[in-house]
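Notes for the structure review
The chain contents come next:
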Amino acid sequence: MNWITNKMLCSYLAIVLIRTTAVVRGCDPYPPCGIVAKGLKFTDTPGIVHVVLGKYADCGEEMDFQTASNELDASSIEIDTETGAIRTQSDVPWAAVSTSVSDDGLGALPTVDQSGYSIRFGTTPASIIVTGRKFQRKKLVINLPGLVAPDDPNDIVSFYSDTLQRLFFLYEKQQDGSLFRAVPTSIASCSISDGSCVTTDTTLDLCVNTGALRFRGVRVYDDLRLVGLPGCSSCGGYAYYSFNRRTLVRSVEMLNNVFSITG
């Protein structure tokens, strides 16, 4: 089981990235090749999961499609979703102990209820008002500096963390006097007690399907400090990001599509 080494991690991550973008035709994947993430183990430490990997024949044009699905070996890695740390078998003992195995990936984990609040525009261009039973019908006035307001306030991407007692907003920000709209560029983390916010710009590649957002919503895994946002891929699914009290920290690429919930 020593075929997963620190040197191979970069190759593994590259393979995951390629497999989620380049080896899909009409959303029907090719047979597995190279190193493939195929399962998830939960642990006794919040924010840490173990990913089961399978080793298959090398990817390439000369793949034998009749035998490509034959698994050659299996191993696991440990992923800290908050720090991005990845540990292999050579790093044992790991930081956490597996407690259960999920054949349904992240679908087996509880998520934070995102219902019970609504957003409307405030009286100033950069403000929104949040109300609803989730926050004891409190009226929260939230300021989002530089907000380029969409036509519908519900197109402002938001999610709630019950553990942190904070609302997060992902929004498009006016830059250099331009109203060009692309993807969210700012993230506001706001207290539900008084509406005060910490706002940070982000360089993360965020592309949220607001149409899918209305039907499938956001998935927040507080125990993992992980949020799943409906991605822009034509194949559906979620894009996963770790978060802390202030902002989204990083994209957790190895979970995208591999464990994505499409329903």
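See above for the structure.
The following refers to the structure shown.

Here's the deal with the state of the cysteines
Taken as a whole and assessed by the stated rule, the structure comprises one disulfide. Here Cys190 is linked by a disulfide to Cys197, with a sulfur-sulfur distance of 2.0 Å. Here the S-S torsion is close to 105 degrees, and the disulfide linking Cys190 with Cys197 is therefore right-handed. Classification of Cys190 as buried rests on a relative accessible area of 1%. For Cys197, a relative accessible area of 28% corresponds to the partly exposed category.

A word on the pairing of strand S5 (residues 73-80)
With six of eight residues buried, S5 lies mostly within the body of the structure. Taken together, the eight bridges between strand S4 (residues 48-55) and S5 define a ladder with antiparallel strand orientation. Its bridge partner being in S5, Val49 is matched across the sheet by Ile79. Strand direction decides the pairing type here: S5 and strand S6 (residues 86-87), joined by two bridges, are antiparallel. Counted as the bridge partner of Glu78 is Arg87 from S6. Counting the residues between successive antiparallel strands, the hairpin from S5 to S6 contains five residues, one of them, Gly84, with a positive phi of roughly 85 degrees.

Some points on unusual backbone geometry
For the bond from Val92 to Pro93, the omega torsion is 5 degrees, close enough to zero to count as cis. The phi torsion at Gln165 lies on the positive side, around 55 degrees, for a residue other than glycine. Along the chain, the position of Gln165 falls in the loop between strand S11 (157-161) and strand S12 (166-171). What makes Gln165 partly exposed here is its relative accessible area of 36%.

Re the environment of Ala85
With respect to the element layout, Ala85 can be found in the loop between S5 and S6. Using a relative accessible area of 27% as the deciding quantity, one classes Ala85 as partly exposed. A sequence separation of 37 residues divides Ala85 from Ile48, and the C-alpha atoms of the two residues are 9.4 Å apart. Not counting the four nearest positions on each side in its chain, Ala85 is found in contact with Glu78, Ile79 and Asp80.

Side note on the pairing of strand S9 (residues 127-131)
The buried fraction of S9 amounts to four of the five residues, a majority that puts the element mostly inside the structure. Judged from the four bridges that link them, strand S8 (residues 118-121) and S9 form a sheet pairing that is antiparallel. If you follow Ser118 over to S9, its bridge partner there is Thr131. Counted between consecutive antiparallel strands, the loop separating S8 from S9 contains five residues. As paired elements, S9 and strand S10 (residues 140-143) share four bridges and run antiparallel to each other. Residue pairing across strands places Ile129 opposite Val141, the latter belonging to S10.

Observations regarding the pattern of salt bridges
What the rule picks out here adds up to two salt bridges. In this structure, the salt-bridge partner of Glu78 is Arg87, at a minimum N-O distance of 2.7 Å. With a relative accessible area of 21%, Arg87 lands in the partly exposed category. Asp201 is paired through a salt bridge with Lys173; the nearest N and O atoms lie 3.1 Å apart. Of the two residues, Asp201 is situated in strand S14 (residues 197-201) and Lys173 in the loop between S12 and strand S13 (186-191); the sequence distance between them amounts to 28 residues.

Re the packing of aromatic side chains
In this structure the tally under the stated criterion is six aromatic pairs. Ring plane angle 50 degrees and centroid distance 6.5 Å describe the contact between Tyr221 and Tyr240, whose orientation is recorded as tilted. Of the two residues, Tyr221 sits in strand S15 (residues 219-221) while Tyr240 sits in strand S17 (residues 238-243), which places them 19 residues apart along the sequence. Here Tyr221 and Tyr240 have matching classes, each one buried. Among the aromatic residues, those joined into a cluster by ring pairs are Tyr117, Phe135 and Tyr160. Just above the ring of Tyr238 sits the side chain of Arg216; from NZ or CZ to the centre is 4.9 Å.

Calculation notes
Residues numbered from 1 in each chain as written. Predicted model: local features only at pLDDT ≥ 70, side-chain atom pairs only at ≥ 80, totals over all residues. Heavy atoms only, no water. Disulfide = S-S within 2.5 Å. Buried < 20%, exposed > 50% of the residue type's maximum accessible area, 1.4 Å probe, protein only. Helix = DSSP H or I, 4+ residues; strand = E, 2+ residues; numbered from the N terminus. Pairing = 2+ DSSP bridges. Contact = heavy atoms within 4.5 Å. Salt bridge = Lys/Arg side-chain N within 4 Å of Asp/Glu carboxyl O. Phe/Tyr/Trp six-rings, centres within 6.5 Å; stacked < 30°, edge-to-face > 60°. Lys NZ or Arg CZ within 6 Å of the ring centre and 35° of its normal.

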